[in-house]
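A structural walkthrough
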Amino acid sequence: MSILGLKKKQPKTFKVKVVTMDAEMEFSCEVKWKGKDLFDLVCRTVGLRETWFFGLRYTVKDTYAWLKPEKRVLDQEVPKDSPITFHFLAKFFPEKVEEELVQEITQHLFFLQVKKQILDEEIFCSPEASVLLASYAVQAKYGDYDPNFHKPGFLAQDELLPKRVLMQYQMTAEMWEEKITAWYAEHRGIARDEAEMEYLKIAQDLEMYGVSYFAITQNKRDTDLLLGVDAQGLHIYSPNSKLNPNKSFPWSGIRNISYSEKEFTIKPLDKKKDVFKFYSSQLRVNKLILQLCIGNHDLFMRRRKVDSIEVQQMKAQAKEEKARKKMERQILAREKQMREEAERAKEEMERRLFQLQDEARLANEALLRSEETADLLAEKAQIAEEEAKLLAHKAADAEQERQRLEVTAMKTKEEKRLMEQKMREAEQLAVKLVEQSERRLKEADHLKQDLTEAKDAERRAKQKLLEITKTTYPLIAAYSTPPAPPAPPEAVDCAYESASTRLDFKDSDMKRLSMEIERERLEYMEKSKHLQDQLKELKTEIESLKLEEQQQQAGLYNHRSEARGYVQEPPVYIPHSNRNSAYMSQMAYFEEV
C-alpha cells in the first residue's frame, strides 16, 4: 500500500459526547453506526428500558433536530465537531405519569427535565405551585427534614424557583426559604422516587407541560400563530398566549396529517369539518413537526391498546421492585428507628453515666466533706460536752444562788412586811400625834383665851379693888364699927399688903399655868422632832431595801441567763405604779407631819 493510500484512509470511529440531565458520557462510535445503534448504547449505559419516550437531540443552526434511528449518524445533519454533542432528552411525554412511567430511572430523568423547563420558564408555573414543587424537589434531594441538620441557609446554593416568581414578589431569599422549608417539613417519610413522582403529578397538570411550540402562519391572511404538539393532540395558540389554545385537534379526531414543502394539512376525522392548513417558514421545521406528530400519535394509539409482553414484564418487575423497595424502606425505617432509639438509649446511657460519674464525684467530695465535718463535729461535741459540764456547774451555782435569792427575797418580803407594819404604826402614831397636837393646840388656844380673859379680869379686878379700896374702905369702917382711934400707918400698910398678896397669888397661878403650857409645847416639839427623825430613818431604810431588792433581782436574772447559756443586759427595774403612788403619798404625808 502506497503512502498516498495511507493518507486517504478514513478513520473507522468517531467521538460522541452524550449529555443527560445528570451526567455526561463519551463514546467511541463506528462510522457505520446508525442512530439506533448510538441510542441503544446510551440506553444500555443509563439502564433505561422505556426507550420510546426519549431521543438524542442535536443543534442545527438556529433550531434543533432529533437523531433519526434508521439513518447513519454521520449521514445526518449533525455538527462536525469532535466529539459530536448530543442531548439525551425526553422527546414524548406521557398523559399520566403515574401509570405510564414504570422504571425509576425514567421517572428521575423526566423529573430532572421538567424541573429544568420550569426553572428556565419554558413551562409556566404559578408562585404557589412553584413553592410546592420546590418543596418536593428538596425532599427528593435531601431526604427527611431534620431541624438539627438543615439549618437556615442550607438552600442558599440551590435553584428552586423561577426568576419570574422571585421578581414578582418583594421577598428575600430567606423568606422564600422559610416558605419552602415549611412545606418541606410536611413531606417527612416520602422516599426520593415518591417525591419525584409527586413532583411530576403536579407538573403534568400545568398548561405548558409536554408541549412543543412552533411558529406558523395561516394561509391567505398570513396571520402569525403558534402550533403546539403534545400527547393530547395539536393546538393552535395566539403568539402572546401559550396557556389557552384558540383551537385544538385531538389525536382521536385527526384522520390524516400531511405536508408539502412548507404547507401543512390537518384533516379531521369528521368529514363535515373543514380541513385546517398552515405554513411553516422552514422545511426542517416541517419535518420536525411531522416527526413529533407521528410519534405522539403512535404513543396515543399505543396507550389505548393492551400492553405488550415487554411492557407487562417491565410493569411486573417494576411492581416487584417497588414492593421490594417499599419493604426495604420499611425495614430501613425500622432499622433507622431502632438505630435512633439505640442512639437515644446510648446517649441516655452516656448521659446517665456522666451523671453517675458526677454524682460519684460529688459523693466522694461530700464524703470527704462529711469526714471533715465529722471531725469538726467530734471536736465541737467535745467542746459542747465541756461547755455542758460548765453550764451544768453554772446551773447548779445559779440554782444555789436562786435559792439564796429566794430566801433573801423571802427575808426581804418579811422585812418589807415588818417595815410596812412599822409604817402603818407610824402612820397611826402620826395620826394620833396630829390629833393630839390639834387637841393640844385647841386646849392651848382655850387656855390662852382663858389666860387673856383672866388677865383682863384680874386687871379689872385690881382696878376696881383699888377704886373700892380708896373710896369705900373708910366709910365702911366708920359705919360698921365704933370709931376708934385712927389706925396707925403700919396697919394700913399691912392691909394693903394683904390685898396685894392675894392679887399676887392669882398672878403666880397664871404664871404657873403659862409655864405648864410652855413646857407641854416644848415636849410636843421634842416629840415631833423625834417623830421626824424616825420618819427620816424609815425613809432611808425603805430606800436601801428597794435598792437591795433591785440588786437581788438583777443578780437572780443574771444567774438564770448564765444557766441558760447566754448573757443579756439586766432589765431596768420599774416599780409598780400603784405601789409607787401609795408610797409617795405616804412619804408626802409623813414629811408634812
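Up top is the structure these notes are about.
Residues numbered from 1 in each chain as written. Predicted model: local features only at pLDDT ≥ 70, side-chain atom pairs only at ≥ 80, totals over all residues. Heavy atoms only, no water.

**With respect to the overall build of the chain**
Scanning the chain from terminus to terminus reveals twelve helices and twelve strands. Going through the 593 residues of the chain one by one, you find that 29% of them count as buried. In the structure as shown, the chain presents an accessible area of about 40,100 Å², 55% of it carried by carbon and sulfur atoms. (Helix = DSSP H or I, 4+ residues; strand = E, 2+ residues; numbered from the N terminus. Buried < 20%, exposed > 50% of the residue type's maximum accessible area, 1.4 Å probe, protein only. Areas by Shrake-Rupley, 256 points an atom, 1.4 Å probe, with all protein chains shown as cover.)

**Digging into the packing of aromatic side chains**
Within the structure shown, the criterion is met by 18 aromatic pairs. Taking the centre distance of 6.4 Å and the plane angle of 35° together, the rings of Phe154 and Tyr184 count as tilted. With Phe154 in the loop between helix 5 (127-142) and helix 6 (163-168) and Tyr184 in helix 7 (residues 173-184), the pair connects residues that are 30 residues apart, well separated along the chain. An identical accessibility class is assigned to Phe154 and Tyr184; each is buried. Each ring, one from Phe276 and one from Phe278, has its centre 6.0 Å from the other, and the planes form 40°; the classification is tilted. This pair shows no difference in class: Phe276 is buried, exactly as Phe278 is. An aromatic cluster is present here, built from Phe39, Trp52, Phe53, Phe54, Phe88, Phe93, Phe110 and Tyr209 joined pairwise through their rings. (Phe/Tyr/Trp six-rings, centres within 6.5 Å; stacked < 30°, edge-to-face > 60°.)

**Focus: unusual backbone geometry**
With an omega of 0°, the peptide bond between Ser82 and Pro83 qualifies as cis. For Glu121, which is not glycine, the phi dihedral falls at a positive 65°. Within the secondary structure layout, Glu121 lies in the loop between helix 4 (104-119) and helix 5.

**Let's talk about the pattern of salt bridges**
For the structure shown, the criterion picks out 24 salt bridges. Of the charged contacts in the structure, one is a salt bridge between Glu365 and Arg361, with a shortest N-O distance of 3.3 Å. A residue pair is termed a helical-turn pair when its members lie 3 or 4 positions apart in one helix, as Glu365 and Arg361 do in helix 10 (residues 309-480) at four residues. Owing to a relative accessible area of 41%, Arg361 belongs among the partly exposed residues under this scheme. Here the salt bridges share partners, and the residues they tie into one network are Glu95, Glu100, Arg303 and Arg304. (Salt bridge = Lys/Arg side-chain N within 4 Å of Asp/Glu carboxyl O.)

**Overview of the nonpolar core**
Counting residues in each nonpolar core, the largest one holds 85 residues, and the members touching the most others are Leu38, Phe54, Phe86, Phe88, Val114, Ile118 and Leu234. Looking at which element gives the most residues to this core, the answer is helix 9 (residues 283-303), with eight residues. If sequence neighbours within four positions are ignored, Ile118 has contacts with Ile123, Cys125, Leu133, Pro162, Tyr199, Ala203 and Leu206. If you look at the next biggest cluster of nonpolar residues, it comprises eleven residues, including Val138, Leu155, Leu160 and Val165. (Core = buried A, V, L, I, M, F, W, Y, C linked by side-chain atoms within 4.5 Å. Contact = heavy atoms within 4.5 Å.)

**As for the packing of helix 5 against helix 8 (residues 192-203)**
For the pair helix 5 and helix 8, the least separation of the axes is 8 Å and the interaxial angle reads 160°. Judged by the inter-axis angle, helix 5 sits roughly antiparallel to helix 8. Judged by the sense of rotation from one axis to the other, the crossing of helix 5 with helix 8 is left-handed. In contact with Leu132, Leu133, Tyr136, Ala137, Gln139 and Ala140 of helix 5, helix 8 contributes Arg192, Ala195, Glu196, Glu198, Tyr199, Ile202 and Ala203. Taken together, the residues of the contact of helix 5 with helix 8 sort by class into nine nonpolar, one polar and three charged. (Axes fitted to C-alpha atoms, helices over the stretch in contact; angles between N-to-C directions. Parallel < 35°, antiparallel > 145°, perpendicular 65-115°, else oblique. Left-handed = near helix turned anticlockwise from the far one by under 90°. Nonpolar A, V, L, I, M, F, W, Y, C, P; charged D, E, K, R; others polar.)

**A short note on the sheet that holds strand 11 (residues 263-268)**
Overall, antiparallel pairing links the seven strands, which are arranged 9-8-7-6-12-11-10 in an open sheet. Each of the sheet's edge strands pairs with one partner strand only, and the pair in question is strand 9 (247-250) and strand 10 (254-260). Neighbouring strand axes in the sheet, compared pairwise and without regard to direction, differ in orientation by 30° on average. Lying on the sheet, helix 9 is in contact with strand 6 (212-218), strand 7 (224-229), strand 8 (233-237), strand 10 and strand 11; it crosses strand 10 at an angle near 160°. (Pairing = 2+ DSSP bridges.)

**Structural notes on the pairing of strand 6**
Burial analysis of strand 6 places five of its seven residues in the buried class, the great majority of the element. Looking at chain direction, strand 6 and strand 7 are connected through six bridges and run antiparallel. Bridging across to strand 7, Thr217 finds its partner in Asp224. Note that strand 6 and strand 12 (residues 276-279) share two bridges and pair antiparallel. The residue of strand 12 that forms the bridge with Gln218 is Phe278.

**Some points on the sheet that holds strand 4 (residues 63-66)**
Strand order in the open sheet made by the five strands is 2-1-5-3-4, with mixed pairing throughout. Two strands bound the open sheet, and with one partner strand each, they are strand 2 (24-30) and strand 4. Within the sheet, the average angular offset between the axes of one strand and its neighbour, ignoring direction, is 35°. The pairing of strand 3 (residues 54-60) with strand 5 (residues 84-90) spans four bridges and is classified as antiparallel. Bridge assignment links Gly55 to a residue of strand 5, and that residue is Leu89. Where helix 4 meets the sheet, its contacts fall on strand 3 and strand 5, and the angle it forms with strand 5 comes to roughly 105°. Docked against the sheet, helix 9 engages strand 3 and strand 4, running at close to 45° with respect to strand 4.

**Some remarks on the environment of Ser514**
As for its placement among the helices and strands, Ser514 is situated in helix 11 (residues 489-564). Judged by relative accessible area, Ser514 falls into the partly exposed class, the value being 27%. Sequence spacing of Ser514 and Ala444 is 70 residues, and the spatial spacing of their C-alpha atoms is 9.6 Å.

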